[in-house]
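What follows is each chain in one-letter form.
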Amino acid sequence: MAASLALTACGGGGSDSEEGADAKTLTLWHYEGPNSAMGIAWNKAIEDFKASHPGVEVKFEEKGFEQIQQNAQMILNSDSAPDIMEYNKGNATSGLLSKQGLLTDLTEEASKRGWDKALNTGLATTTKYDEDGIMGSGKTYGIPNYAEYVEVYYNKDLFKKYNLQVPTTLDEFTKVMDTFVQNKVTPLAVGGAEYPAQQILYSLALSKADRAWVDDYQLYKNKVDFKGPQLKYGADTFKQWVDKGYIAKNSAGIKAEDMGVSFTQGKFPIMISGSWWYGRFVNEIKNFEWGTFLFPGNKLHPGSSGNLWVVPEKSKAKALAYDFIDITMKPEIQALLGNNGGVPVAADAAAITDAKNKELIENFNKISSEDGLAFYPDWPAPGYYDVLVAGVQGLINGSKTPDQVLTEIAKPYDENLADLGK
């Protein structure tokens, strides 16, 4: 789940004996900011691509994240489809497009070029989709070259001011937030108008969950009880956090970008969000010391592979698209990701020289080694993102009870299951 940043299209081309080898342009879209780890690494990948594919035109177009999110089906079904693009992973996004026949099957290419061997089981889950568009099995339709996860960012100076230690349990975490409230400081920077708030509720639910529950919820292994202990605890506790003053009531209308900016400005001591902010915070936070820790007490965390490189079925330069993916998996690009605040999927640990970035990658390796990636709450059903945004906004502004929200979010989930005949 990357922050909603400007989408940049760029490209290069080359020669190969495969499909689209004679193309003189490769149109490539991605939606990462130029100073993000992915933006930095991919810009270098584009340079390398152009150097190894001389004599081609590079075409730039500007798109918005939301525009792609809302119009991907229409774009990929038209003659204006790019040759390769970054796209969100999961049933509701890449899964849906694969089911509709809009994405190229990359299974053979992934095996031939060794991409499949670079991804462990948890990361590979998001690359494969079955005939119903459900992730975890079937053909490979996308390749990630980075990973991501949700963690807790904290302002070390504010923790020191109130003599607070990094919490290791949820109980200790609530005591930390109580101390801030007692000192008239709202603990959490939250973006209720976009993805961040629902990821907090999901993290709370995961504190009561195990891998089997995640597989049931995300992969439809078994029926999920939305009033069961996991999601009920998540919704009830989220509401308690609002009532206790951990989450500001006005955060229902705050976007992710404004949440992140408020943390960089030192207005809030804690922010629960994704590793995609990390490189940006390294560059932008100048006035205080900051650090990160995993959501206290949890073995499971929202997270997954990063977004996928997908090759639209209508791509006119598929061979060149495969070449570009290959470059993003090379050691030097992986190291560039890791040294700029990203989480590379195939980096040499010795090549990561920055101490702060080592902390980021070590936290990820801990989650990965424990099979702790629990994906994201909005993945299971098409359109589910907006349903969850509305649900948590209701909890923040007090217009809905936890029980009402659980009923509300169960409905489209169960309807999607019914549509799939499950």
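Residues numbered from 1 in each chain as written. Predicted model: local features only at pLDDT ≥ 70, side-chain atom pairs only at ≥ 80, totals over all residues. Heavy atoms only, no water.

## Topic: the pairing of strand 9 (residues 270-274)
So, point 1. Within strand 9, five of the five residues are buried, leaving the element largely enclosed by the surrounding structure.
So, point 2. Sheet topology places strand 7 (residues 146-155) next to strand 9; five bridges connect them, and they run antiparallel. Bridging across to strand 9, Y153 finds its partner in M271.
So, point 3. Across two bridges, the pairing between strand 8 (residues 188-189) and strand 9 is parallel. By the bridge assignment for strand 9, L188 is matched with I270. (Buried < 20%, exposed > 50% of the residue type's maximum accessible area, 1.4 Å probe, protein only. Helix = DSSP H or I, 4+ residues; strand = E, 2+ residues; numbered from the N terminus. Pairing = 2+ DSSP bridges.)

## What to know about the pattern of salt bridges
So, point 1. For the coordinates displayed, the defined rule picks out 22 salt bridges.
So, point 2. Of the charged contacts in the structure, one is a salt bridge between K112 and E109, with a shortest N-O distance of 3.7 Å. On the criterion of helical spacing, the pair formed by K112 and E109 is a turn pair, its members being three residues apart in helix 4 (residues 107-113).
So, point 3. Residue K112 is classed as exposed on the basis of its relative accessible area, which comes to 54%.
So, point 4. Put simply, R211 and D371 hold a salt bridge, and the shortest N to O gap is 3.3 Å. (Salt bridge = Lys/Arg side-chain N within 4 Å of Asp/Glu carboxyl O.)

## Structural notes on the domain arrangement of the protein chain
So, point 1. Examined at the domain level, the protein chain breaks down into domain 1 (25-145 + 306-347) and domain 2 (148-303 + 375-420).
So, point 2. Relative placement of domain 1 and domain 2: their C-alpha centres are 28 Å apart.
So, point 3. Taken together, the 20 residues of domain 1 in the interface contact 20 residues of domain 2.
So, point 4. Interface area, domain 1 with domain 2, both sides summed: about 1500 Å², of which 62% is carbon and sulfur.
So, point 5. When the buried area of domain 1 at its contact with domain 2 is split by residue, N35, K89 and M135 rank highest and sum to 28% of it.
So, point 6. Applying the counting rule to domain 1 against domain 2 returns one salt bridge.
So, point 7. Across the pair K89 and E148 runs a salt bridge, and its minimum N-O distance is 2.7 Å. (Domains from an automatic or database assignment. Contact = heavy atoms within 4.5 Å. Buried area = accessible area lost by both parts, 1.4 Å probe.)

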